[in-house]
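Each chain, written out:
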Amino acid sequence: MARVALPSKLAALLLINCLPWSAHAAAQAEAIFGGGCFWCMEEAFEKLPGVSEVVSGYTGGKTPNPSYDQVSSGTTGHVEVVRVLYNPEQVSYAKLLEHFWINIDPTVKNRQFCDVGEQYRSVIYTLNAAQQQAAAKSKEDLINSGRFAKVYTTVESAQTFYVAEDYHQDFYKKNPLRYKYYKTTCGRQNRLNELWGKATTP
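Residues numbered from 1 in each chain as written. Predicted model: local features only at pLDDT ≥ 70, side-chain atom pairs only at ≥ 80, totals over all residues. Heavy atoms only, no water.

Participant: If you had to explain the packing of aromatic side chains to someone new, which residues and values would you point to?
Facilitator: Under the definition given, this model contains 10 aromatic pairs. A ring pair is formed by Phe 33 and Phe 45, whose centres lie 5.1 Å apart and whose planes are at 5°; its orientation type is stacked. Separated by 12 residues along the polypeptide, Phe 33 in strand β1 (residues 29-35) and Phe 45 in helix α3 (residues 38-46) bring together distant segments of the chain. An angle of 85° between the planes, with centres 5.3 Å apart, marks the rings of Phe 148 and Trp 196 as edge-to-face. In this pair, Phe 148 is assigned in the loop between α6 (129-145) and β7 (154-157) and Trp 196 in helix α9 (residues 188-196), connecting sequence segments 48 residues apart. (Phe/Tyr/Trp six-rings, centres within 6.5 Å; stacked < 30°, edge-to-face > 60°. Helix = DSSP H or I, 4+ residues; strand = E, 2+ residues; numbered from the N terminus.)

Here is the structure:
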């Protein structure tokens, strides 16, 4: 039987599609941050070059597969967080940490802006030793800078991440008017400007 030569472009596509999933995802890394309302943290990180996806969710608690109502009640121990998927060849973990700090208020305990409770505390969840070291150093550098009298943000090992309900994902895109009203009345951007100047994502 005669061999049929495939056009080079088609052959290349077939070869790529036959590669294991890990080969496609080799350039993608993950980070998890808690900075209060996950709608706002989604917006902040999705606008950062090199970030491919940001997913709202919950972590750090004791209740399996918690709902938003359970988490927001403050009884499960979970924190509202975002899982950031990024290309480390385009944006470093250190850059993500810098971006995290200027989008939170590290001077308050168990709250962020108008949202009060442990479920809204600021925390960096690390997935490996390198992230833990980098996150701890970034916090130490902020403390040593003398910019703030106290930094309440914690650095903790990552726990099971639960994806939040669909209506929370990309809320700022799907509900721009409601999102803008929430963010304005919560005073988030004004407080960030007070803390960091106007360097934060609008």
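Now that the structure has been shown, the text picks up again.
Participant: Describe in detail the pattern of salt bridges, supporting the description with residues and values.
Facilitator: Summed over all chains, the structure comprises eight salt bridges. For the salt bridge of Glu 46 with Lys 173, the shortest nitrogen-to-oxygen distance reads 3.4 Å. Here Glu 46 is found in helix α3, whereas its partner Lys 173 is found in helix α7 (residues 171-174), with 127 residues between them in sequence. The salt bridge involving Glu 194 is made with Arg 191; its shortest N-O contact spans 3.1 Å. Pair noted here: Glu 194 and Arg 191 are both in helix α9, with a separation of three residues, about one helical turn. If you follow the salt bridges from partner to partner, you end up with Glu 43, Lys 47 and Lys 183 in one network. (Salt bridge = Lys/Arg side-chain N within 4 Å of Asp/Glu carboxyl O.)

Participant: If you had to explain the state of the cysteines to someone new, which residues and values would you point to?
Facilitator: Taken as a whole and assessed by the stated rule, the structure comprises one disulfide. A sulfur-sulfur distance of 2.0 Å marks the disulfide that ties Cys 114 to Cys 186. Handedness of the Cys 114-Cys 186 disulfide follows from its S-S torsion of about -105°: it is left-handed. Placement of Cys 114 in the loop between β4 (111-112) and β5 (115-116) and of Cys 186 in helix α8 (residues 176-186) is noted, with a sequence separation of 72 residues between them. Residue Cys 114 is classed as partly exposed on the basis of its relative accessible area of 39%. Judged by relative accessible area, which is 9%, Cys 186 ranks as buried. For the unlinked cysteine Cys 40, the closest cysteine sulfur is that of Cys 37, found at 4.1 Å. The class of Cys 40 is buried, set by a relative accessible area of 5%. (Disulfide = S-S within 2.5 Å. Buried < 20%, exposed > 50% of the residue type's maximum accessible area, 1.4 Å probe, protein only.)

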